[in-house]
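These are the residues of each chain, in order.
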Amino acid sequence: MSGSLFLSVVLFLGYLCTATSAVSLLGCVKFERLALLKLKQSLKDPMNELASWKGINCCSWGGVGCHNRSGHVFRLTLDSMSLGGEINPSLLELKHLRSLDLSMNDFNGTNIPEFIGSLPKLKYLNLSNANFGGPIPHQLGNLSSLRYLDLGSNDIPPTRGLQDHDLGWVSNLSSLRYLDMSVANLTKAGNWFYAMNKIPSLSALRLSSCEIEYIPRSVPYLNLTSLAILDLSRNNLNCTLPKWLQNMTNLNLLDFSEQNSLHGPIPDVFGSMTSLSVLNLNLNQLEGEIPQTMGNLCSLEGLDLSWNNITGQMTQLVVGLSRCFSNSSPQISSLNLAHNSLSGPIPLTIEKLSSLEFLYLQSNQLIGTVPEGIGRFSKLIVLDVSSNSLTGVVSEAHFANLGVLKELYMSLNNLSLKVNSNWVPPFELNFIYLPSCQLGPLFPSWLQTQKGFSKLDLSKAGISDTMPHWFWSLTTEIMYLNLSQNQIKGSLPLSLESISISLVDLSSNCFEGPLPRFGRDTLVLHLYDNSFEGPLPADIGEAMPVLRNLLVSNNLINGSIPQSICTMENLEVLGLADNLLSGRLPHCWSDSQILMVVDLGNNNISGIIPGTMGSLLSLASLHLNNNSLSGELPSSLKNCTSLVALDLGENQISGNIPSWIGSSLPNLVILRLRSNKFTGGIPPELSYLSSLQVLDIAQNSLSGIIPRSFGNLTAMTKIQEKGFILYENWGSYLDNVLVYMKGRELEYSKTLGLVTSVDLSSNKLHGKIPEELTSLFGLLALNLSENALTGEIPKKIGNLRWLESLDLSRNNLSGEIPSSMSSLTSLSRLNLSYNNLKGRIPSGFQLQTLNDPSIYIGNQDLCGPPLTDGCPSDGESPPSRNSSITGEEDGSEFLWYYSGFSPGFAVAILGVFSVLFFMPSWRYALFILVDDIVDWFYVTTTVTMAKLR
Ligand SMILES: *[C@@H]1O[C@H](CO)[C@@H](O)[C@H](O)[C@H]1NC(C)=O
Ligand SMILES: *[C@@H]1O[C@H](CO)[C@@H](O)[C@H](O)[C@H]1NC(C)=O
Ligand SMILES: *[C@@H]1O[C@H](CO)[C@@H](O)[C@H](O)[C@H]1NC(C)=O
Ligand SMILES: *[C@@H]1O[C@H](CO)[C@@H](O)[C@H](O)[C@H]1NC(C)=O
Ligand SMILES: *[C@@H]1O[C@H](CO)[C@@H](O)[C@H](O)[C@H]1NC(C)=O
């Protein structure tokens, strides 16, 4: 791509090498030989690379070059020899040394010896990649003949690399052409530019990753006009692009990419840098439009403006560049404009850029169709137009001459790929990335020709066809296979062990039949939402030893959970919910496992919760809801201190709710013990759970009072405005969030953070409703129905102003309905039926809209609208037993039906946190898989979210 770029450097090196290649006929000078032997002695040479350093003629020793007439050593090339240890000052005996190369060795953080500055004839010094550390010796400034100095890539993490506070010495190197100090820490060397600008001969300056924060905005005079290479990538520059760049008229490569924060517009000056062949400004914060003059850069071979905030259209750039190429100058081979805010269409003239090898336009706001002219790019290797607003059909013509295309990305547009069923593409792709691109309804038969691909994503492609048998014989090694969210039918081969697939996602399809056996290298297996049947392989643990992520929820899997699951030491996520699993939970869990998510809800698993589950110390999310588990909670679960979500609802678990839930599981956000056989009181310790947002212990046999301390449930005292509150509890993973799972899971995960609810209904609780509950300002739902609560409704109930659902029905509450109730402006569901409330029903605001009389049924002495009974002061007869409601004995049932919601307000949250080993960047991605929240809740919390904004 930039072949000519390093020409000057290569020529220069060539000069050094040819001059020294002949071995001296005279043999070497004795004192130089002795000096070399001393050097060898002090060096560590673990690979015995200096074995040839013996005998008289040191000129024939490996890496030693002598002058062919004088016999003096003038070149030492000891690179890539794994050398370490100490560099002996005997080196100074080699007074004629012109070239010293110690690169690619390991000096383990030792300093560069100061005496190297006393080798006066040195022209070439390469100490790169050799793990030198500490301050750069300023004595190097004495090497006034030096032309090439490479101190780059000496990076011993974290802080032991090279550093310098004052680069003044560099300006003495008046013959220098090439300087590389990449990765040296130059934060404090504020004079770096000043020093470099004293060397008019400099033609290459590489200062990548030097933590440079300062670059002058203006200079009185620019000496660096010979500069061909300027690499300032990965520094901490926070400025606009300096204007003086325009005087660097010989610049070939300019790189300000990554980690810098260049802002402001791209200046027009680039138009004058006509020799520029590589321009990298990616990963900055540049804004404004691409300057028109950039189209004049007719030497451009690679342009990377990706990951900025560049707006406007790409037309002028493309039109400009395509004009250049009619003059048969070298042509651009890489154009990367991805991740900006470019708008408008892809200009048709792009077809003139026919030497493009890499075209990245993804993640902009491009509209219109994909120009057919792209089909002329016979050298194109990568095409990425994903995540735009492109429309229309892509057909054979678009690929006509793309014979070397290897990677095709067209996801997330409004594109459809329509080709003849007998189309034979000219390419054999390696990466096929077409999610959300309309390919169906038939399974694309052209895939048959794509032998040897390693990544294939056809998710959400509208395919509703049977999986063809040939598919599984196309390739033997797949890194990533995603066919999810189609309606692909049929069963899979019984064994896929002969294909090495790292990540498989076949979720949300119509696959049926038994689960296939996948290969030993499988890392991630997503098969959820299909109709796979039969048991899990008994030897799953041994068969897939590196599996991290197993999601087979919502299928027809039966049998029991294999014991061999316990041997899977890499498993982080186990999701087998919504199946027909029976039998007992494995009892063999061990602390060598790193399981974070266990979701086995909605199966038919029986027996007890084994105590060994307490050894899963990383467990963050445990869902065993809706099974047939019995016995008491094992106290070992108190070791699972990372638990965020604990859902054991709908089982037959008995005993007390242990107080350690409150004292030992401090991160709990969701606690769901609904519909079990818990007895005894509610432990006041639950109020220690300062992150708790969902507390559901309804439908048990709990007795005693509601602890006053519940007023301290901190997370409920605030309005949860952020959809990702749960992520925040996972701060250490947040850094790595790259890919959120799409679809249902994410939708709910967004709202999960907003949910705050307390459900204590259908127990045997008595006593008063503690006034303290009214300090849970952030509460969205409160259900205390079907208990034996007495006393009055707390006067301050109106404080719960975000409350959307309040159910106090079927208790023995007495007194009047507090008038503050009318300030519950978010309330959309209310049930006060079957109590002993009396007096006038308050009115106003939201209460006005809750005008179904059944809300109040079963209270003898309530009066006023919406009841037909008037109040005494209205001058009517004293309220009598409420008889105005349409018949039904179970008024509350009626109400829920009437409101269109399911009874009992079940917030059935199956929150699953998951750390996913996910493509394409092979980094962790965090997502939450939450299932089955009552639709109503989703809708109304979304509305709430909107209200809050
Ligand atoms: C490298 O340096 C470190 C720190 O100075 C030292 O602990 C380590 O032993 C050294 N390694 C070798 C192989 O000399
Ligand atoms: C670079 O050096 C400065 C001080 O000279 C120091 O504060 C900073 O931590 C260093 N950076 C790294 C990555 O070591
Ligand atoms: C330009 O280079 C010359 C020669 O090294 C030097 O004398 C002069 O000071 C430099 N100019 C600047 C502005 O540094
Ligand atoms: C840049 O070049 C122009 C024209 O040759 C000259 O007038 C100007 O002084 C130069 N600027 C710098 C900073 O050297
Ligand atoms: C860049 O500088 C501006 C203003 O000096 C500052 O607000 C901004 O946070 C800085 N950006 C970075 C990434 O340091």
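Residues numbered from 1 in each chain as written. Chains lettered and ligands numbered in written order. Predicted model: local features only at pLDDT ≥ 70, side-chain atom pairs only at ≥ 80, totals over all residues. Heavy atoms only, no water.

As recorded in an unreviewed UniProt entry, the chain goes by Receptor-like protein EIX2 and comes from Phoenix dactylifera. What UniProt states about the chain under its Sequence similarities (unreviewed entry) heading is, verbatim, "Belongs to the RLP family." (UniProt positions renumbered as here; feature names shortened; annotations may be inferred.)

J.: Honestly, the overall build of the chain in this entry has me stumped. Any pointers?
T.: Broken down by element type, the chain carries twelve helices and 60 strands. Every one of the 949 residues in the chain was classed for burial, and the buried ones make up 57%. Considering only contacts within the chain whose residues lie at least 6 apart along the sequence, 59% involve residues at least 24 apart. Accessible surface, the chain as shown: approximately 36400 Å² in total, 51% of it carbon and sulfur. (Helix = DSSP H or I, 4+ residues; strand = E, 2+ residues; numbered from the N terminus. Buried < 20%, exposed > 50% of the residue type's maximum accessible area, 1.4 Å probe, protein only. Contact = heavy atoms within 4.5 Å. Areas by Shrake-Rupley, 256 points an atom, 1.4 Å probe, with all protein chains shown as cover.)

J.: What is the right way to read helix α2 (residues 30-42) from this model?
T.: One turn of an α-helix holds 3.6 residues; hence residues three or four places apart share an orientation. Spanning 13 residues, α2 covers 19 Å between terminal C-alpha atoms, matching the ideal 18 Å at 1.5 Å per step. The set of residues buried in α2 consists of Glu32, Arg33, Ala35, Leu36, Leu39 and Ser42. (Expected span 1.5 Å × (residues − 1).)

J.: Help me understand the sheet that holds strand β49 (residues 701-702), please; the structure alone is not making it clear to me.
T.: Sheet strands pair by backbone hydrogen bonding; their relative direction is either parallel or antiparallel. Taken in spatial order, the five strands line up as β41-β43-β45-β47-β49 in an open sheet, and their pairing is parallel. What marks the edges here is a single partner per strand, and that holds for β41 (606-607) and β49. Summarising the sheet, β41 and strand β43 (residues 628-631) pair through two bridges and their orientation is parallel. Residue pairing for β43: Gly607 is matched across the bridge by Leu629. (Pairing = 2+ DSSP bridges.)

J.: What am I meant to see in the environment of Leu173 here?
T.: With respect to the helices and strands, Leu173 occurs in the loop between β9 (162-163) and β10 (178-180). Sequence-wise, Leu173 and Ser201 are 28 residues apart; in three dimensions their C-alpha atoms are separated by 9.6 Å. Leaving out residues up to four positions away in the same chain, Leu173 has contacts with Leu140, Gly141, Leu143, Leu146, Leu149 and Ile199.

J.: Could you clarify how one ought to interpret the pattern of salt bridges in this entry?
T.: Applying the stated criterion across every chain yields a total of 13 salt bridges. For Arg234, the salt bridge goes to Glu258, with nearest N and O atoms at 2.9 Å. Residue Arg234 is found in the loop between β12 (229-231) and β13 (253-255), and its partner Glu258 is found in the loop between β13 and β14 (263-265); the two are separated by 24 residues along the sequence. The exposure class of Arg234 is partly exposed, given its relative accessible area of 36%. Glu258 gets classed as partly exposed once you look at its relative accessible area, which sits at 23%. Here Arg674 ties to Asp696 by a salt bridge, and the two come within 3.1 Å at their closest N and O atoms. In this pair, Arg674 sits in the loop between β46 (670-672) and β47 (677-680) while Asp696 sits in strand β48 (residues 694-696), placing the two residues 22 residues apart along the sequence. Here Arg674 matches Asp696 in class, with each residue buried. Residues joined by salt bridges that share partners form a network here, namely Asp647, Glu650, Arg672, Arg674, Asp696 and Asp759. (Salt bridge = Lys/Arg side-chain N within 4 Å of Asp/Glu carboxyl O.)

J.: Help me understand the packing of aromatic side chains in this model?
T.: For any pair of aromatic rings, geometry is given as the distance between the ring centres together with the angle between the planes. Inspection of every chain in the model, using the stated rule, returns 17 aromatic pairs. Between Phe443 and Trp470, the ring centres sit 6.0 Å apart and the planes meet at 75°, which makes this aromatic pair edge-to-face. One end of the pair, Phe443, is in the loop between β26 (431-433) and β27 (455-457); the other, Trp470, is in the loop between β27 and β28 (477-482), and 27 residues separate them in sequence. For the pair formed by Phe443 and Trp470, the shared burial category is buried. Where Phe453 meets Phe471, the ring centres are 6.3 Å apart and the plane angle is 40°; that geometry is what we call tilted. Placement of the pair is Phe453 in the loop between β26 and β27 and Phe471 in the loop between β27 and β28, with a sequence separation of 18 residues. Through pairs of rings, three or more aromatic residues link up here, namely Phe443, Phe453, Trp470, Phe471 and Trp472. Sitting over the ring of Tyr834, Arg810 keeps its end group 4.3 Å from the ring centre. (Phe/Tyr/Trp six-rings, centres within 6.5 Å; stacked < 30°, edge-to-face > 60°. Lys NZ or Arg CZ within 6 Å of the ring centre and 35° of its normal.)

J.: Sorry, what's going on with the UniProt feature "domain: Leucine-rich repeat-containing N-terminal plant-type" (unreviewed entry) in the chain here?
T.: On the UniProt side, "domain: Leucine-rich repeat-containing N-terminal plant-type" (unreviewed entry) is annotated at positions that read residues 32-66 here. Measuring from the first to the last C-alpha atom of residues 32-66 gives 10 Å, for a span that is 31% helix and 14% strand.

J.: Which parts of the structure should I look at to understand the environment of Ala620?
T.: When you line up the elements, Ala620 lands in the loop between β41 and β42 (621-623). Assessed through its relative accessible area of 0%, Ala620 is described here as buried. Residues Ala620 and Val644, spaced 24 residues apart in sequence, show a C-alpha to C-alpha distance of 5.1 Å.

J.: Can you help me understand the state of the cysteines in this one?
T.: Here, disulfide denotes a covalent bond that connects the sulfur atoms of two cysteines. Under the definition given, this model contains four disulfides. Across the disulfide, Cys28 is cross-linked to Cys58 (sulfur-sulfur distance 2.1 Å). An S-S torsion of about 135° defines the bridge between Cys28 and Cys58 as right-handed. Here Cys58 lies in the loop between β1 (43-44) and β2 (64-66) and Cys28 lies in the loop between α1 (7-20) and α2, a separation of 30 residues in the sequence. Neither residue differs from the other here; Cys28 and Cys58 are each classed as buried. Note on cysteine connectivity: Cys59 is disulfide-linked to Cys66, with sulfurs 2.0 Å apart. Where Cys59 bonds to Cys66 through sulfur, the torsion about that S-S bond is close to -95°, and the disulfide is left-handed. (Disulfide = S-S within 2.5 Å.)

J.: Which parts of the structure should I look at to understand the nonpolar core?
T.: One broad rule of soluble globular proteins: the nonpolar side chains tend to lie buried together. Leu76, Met181, Phe270, Phe471 and Ile661 are the most contacted members of the largest nonpolar core, which totals 244 residues. When residues are assigned to domains, this core turns out to be shared by domain 1 (499-607) and domain 2 (634-871), each giving three or more. Ranked by size, the runner-up nonpolar core spans eight residues in total, among them Tyr148, Tyr178, Ile229 and Leu253. (Core = buried A, V, L, I, M, F, W, Y, C linked by side-chain atoms within 4.5 Å. Domains from an automatic or database assignment.)

J.: What is the right way to look at the pairing of strand β31 (residues 500-505) in this model?
T.: Regular strands place their side chains on alternate faces of the sheet. Summarising burial for β31: six of the six residues are buried, a large majority. Note that β28 and β31 share five bridges and pair parallel. Considered in β31, the bridge of Ile478 is made with Ile501. Both β31 and strand β34 (residues 524-526) contribute to a ladder of three bridges, which runs parallel. Counted as the bridge partner of Val504 is Leu525 from β34.

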